[in-house]
Amino acid sequence: MKHTSMPAIWLIVLIAGIGQLSETVYSPALPAIATSLGVRASWVEYTLTIYLFSFGIGTLFWGRLSDHFGRKPCILAGLAIYILGSFGCYMADSLIILMTSRFVQGFGGSIGSVLAQAIVRDAFQGPALGRAYASITGSLALFPAIGPIVGGIITQQFSWPIIFAFLIVFGIFIFLVSSQKLPETLIPHPEKLPSAFAILCQLAKDKKVIGYGLLVAICNGITFSYYAEGSFYLIELLGLSPSQYGTTFILMAFATIIGSVISRKMQSKIVSLSIIWHGLLLIVCSNSLLCIGALFQTTPSISKAQLLYLTIGVMMGNMTGVCMVTSNSLAQALQNYRHAIGTASSLFGFFYYLGVSSCTFGMGLLHNGTAIPMPLYFFGLGILMILIFHTSLKKA
């Protein structure tokens, strides 16, 4: 069935990107926040974990609700909650208030993940769905590029609360544009929706859904762990300023766009599963190089400048591979659940965001102020994804 008004890709990107922007713009400020609030670095990294955890809870809530009331009303409600949480972060003068506000912000911002996916699955089918996901994933690379640059400049020139003032303005802008430009894409079904529990049971028994979900979770876990740990790694250990650190994300965005282009080109030649495999190999190979560099950093064999260039190059390889894996995994995971895609998307999103928050929590636990934990952790996660691919997807 065709929609009388198709959603604009650029608007879907804005809606989906608000959650990413809320993390990437915040990343350069993490050391400054730890100093300002007088807390340990690992505790500030946990503000990301609690954000991602509430993000997962939000996906569980919004998807089911949108199957009943429509995508657009839920997006507007989520944006309003997101703006409220951002205001709380702006006013925060303690870690407890900041964490609480980040929870509210993540809950509201989660509409950008689950409902943007539901809208795409509503409006596109077949090969067009894969192309739409690749385009959106590539376009979302703008947020990891712009966010840290803006956050680094704000942190260096003003103060970290101004970052959340910026997010308030951005949230209000998307709210106003969505209220005017976003069409309703939900196709009403006369039959009663399956219960959420019934869909959960189906998903839990679906080996391929579990496999795709774990790949998406770990890929995003690597990305978000880098946003948290990378600020300490590049700023405190390798000597970059917050604004210089933010600028490096232009290269990360470029790498994500490369991953999107590669994925789109490969879709005309090989199946999505093969694209995922190539992306996983790139992630593992890249992180093996970073492990070698980090292990030799304490010897005269490699300088801080050389480790800096190696880290940026490896993370570009990671971002390219992550784009290849996640765009194809998301496009394939819920192909058999169109009858209740909002609910299925919310349960799927809750599952993989729990995985993402677990990955970032693990990174926080391993933080010890040296260059060793992050490379070893990322390499280990890459090996884990290879095992998941072979056990859950290749043989499924």
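Okay, so let's go over this structure.

Definitions and limits used
Residues numbered from 1 in each chain as written. Predicted model: local features only at pLDDT ≥ 70, side-chain atom pairs only at ≥ 80, totals over all residues. Heavy atoms only, no water. Helix = DSSP H or I, 4+ residues; strand = E, 2+ residues; numbered from the N terminus. Polar contact = N/O pair within 3.5 Å; in protein donor to acceptor, adjacent residues only side chain to side chain. Contact = heavy atoms within 4.5 Å. Disulfide = S-S within 2.5 Å. Axes fitted to C-alpha atoms, helices over the stretch in contact; angles between N-to-C directions. Parallel < 35°, antiparallel > 145°, perpendicular 65-115°, else oblique. Left-handed = near helix turned anticlockwise from the far one by under 90°. Nonpolar A, V, L, I, M, F, W, Y, C, P; charged D, E, K, R; others polar. Phe/Tyr/Trp six-rings, centres within 6.5 Å; stacked < 30°, edge-to-face > 60°. Lys NZ or Arg CZ within 6 Å of the ring centre and 35° of its normal. Core = buried A, V, L, I, M, F, W, Y, C linked by side-chain atoms within 4.5 Å. Buried < 20%, exposed > 50% of the residue type's maximum accessible area, 1.4 Å probe, protein only. Expected span 1.5 Å × (residues − 1). Bend = angle between axes of the 7 residues up to and from the residue.

### Description of the side chain of Thr47
Line of reasoning, step 1. Note on placement: Thr47 falls in helix 3 (residues 41–69).
Line of reasoning, step 2. Side-chain polar atoms of Thr47 contact the backbone oxygen of Val44, separated by 2.5 Å.
Line of reasoning, step 3. Leaving out residues up to four positions away in the same chain, Thr47 has contacts with Tyr26, Leu30, Leu95, Leu98, Met99 and Arg102.

### Details of the state of the cysteines
Line of reasoning, step 1. The final tally for this structure, using the stated rule, is zero disulfides.
Line of reasoning, step 2. No disulfide involves Cys219; its sulfur sits 9.7 Å from that of Cys359, the nearest cysteine.
Line of reasoning, step 3. Distance from the sulfur of Cys323, which forms no disulfide, to the nearest cysteine sulfur (Cys219) is 10.0 Å.

### A few points about the packing of helix 14 (residues 272–295) against helix 15 (residues 304–333)
Line of reasoning, step 1. The N-to-C vectors of helix 14 and helix 15 enclose an angle of 160°; their axes lie 8 Å apart at closest approach. Considering the angle they form, helix 14 stands roughly antiparallel to helix 15. Read as a crossing pair, helix 14 and helix 15 show a hand that is left-handed.
Line of reasoning, step 2. Of the residues in the contact of helix 14 with helix 15, the class split is 14 nonpolar, 14 polar and no charged.

### Overview of the packing of aromatic side chains
Line of reasoning, step 1. Per the counting criterion, the structure on display carries 17 aromatic pairs.
Line of reasoning, step 2. Seen from their ring centres, Phe348 and Tyr352 are 5.4 Å apart, and the 75° between their planes marks the pair as edge-to-face. Placement of both Phe348 and Tyr352 in helix 16 (residues 341–366) is noted, with a separation of four residues, approximately one turn of the helix.
Line of reasoning, step 3. Each member of the aromatic cluster is reached from another via a ring pair, and the members are Tyr51, Phe55, Phe348, Tyr352 and Tyr353.
Line of reasoning, step 4. If you follow Arg102 out to its NZ or CZ, it ends over the ring of Tyr26, 4.1 Å from the centre.
Line of reasoning, step 5. The ring of Tyr51 carries Arg102 above its face, with NZ or CZ at 4.3 Å from the centroid.

### Focus: the nonpolar core
Line of reasoning, step 1. The biggest cluster of nonpolar side chains holds 118 residues, and the ones touching the most others in it are Leu98, Tyr226 and Tyr233.
Line of reasoning, step 2. Examining the composition of this core, we find that 16 residues originate from one element, helix 11 (residues 207–237), more than from any other.
Line of reasoning, step 3. Apart from residues lying up to four places away in sequence, Tyr233 is in contact with Leu238, Leu290, Ala294, Leu307, Thr311, Ala371, Met374 and Pro375.

### Details of helix 11
Line of reasoning, step 1. Under the 1.5 Å per step criterion, the end-to-end length of helix 11 is 42 Å for 31 residues, consistent within 8% with the ideal 45 Å.
Line of reasoning, step 2. At Glu229, helix 11 shows its maximal bend, which comes to roughly 45°.
Line of reasoning, step 3. Of all 31 residues making up helix 11, 25 are buried, and the element is well covered by its neighbours.

### Considerations on the side chain of Ser178
Line of reasoning, step 1. Note that Ser178 resides in helix 9 (residues 161–181).
Line of reasoning, step 2. Judged by its relative accessible area of 0%, Ser178 falls in the buried class.
Line of reasoning, step 3. Leaving out residues up to four positions away in the same chain, Ser178 has contacts with Leu11, Ile15, Lys72, Ile75, Leu76 and Leu79.

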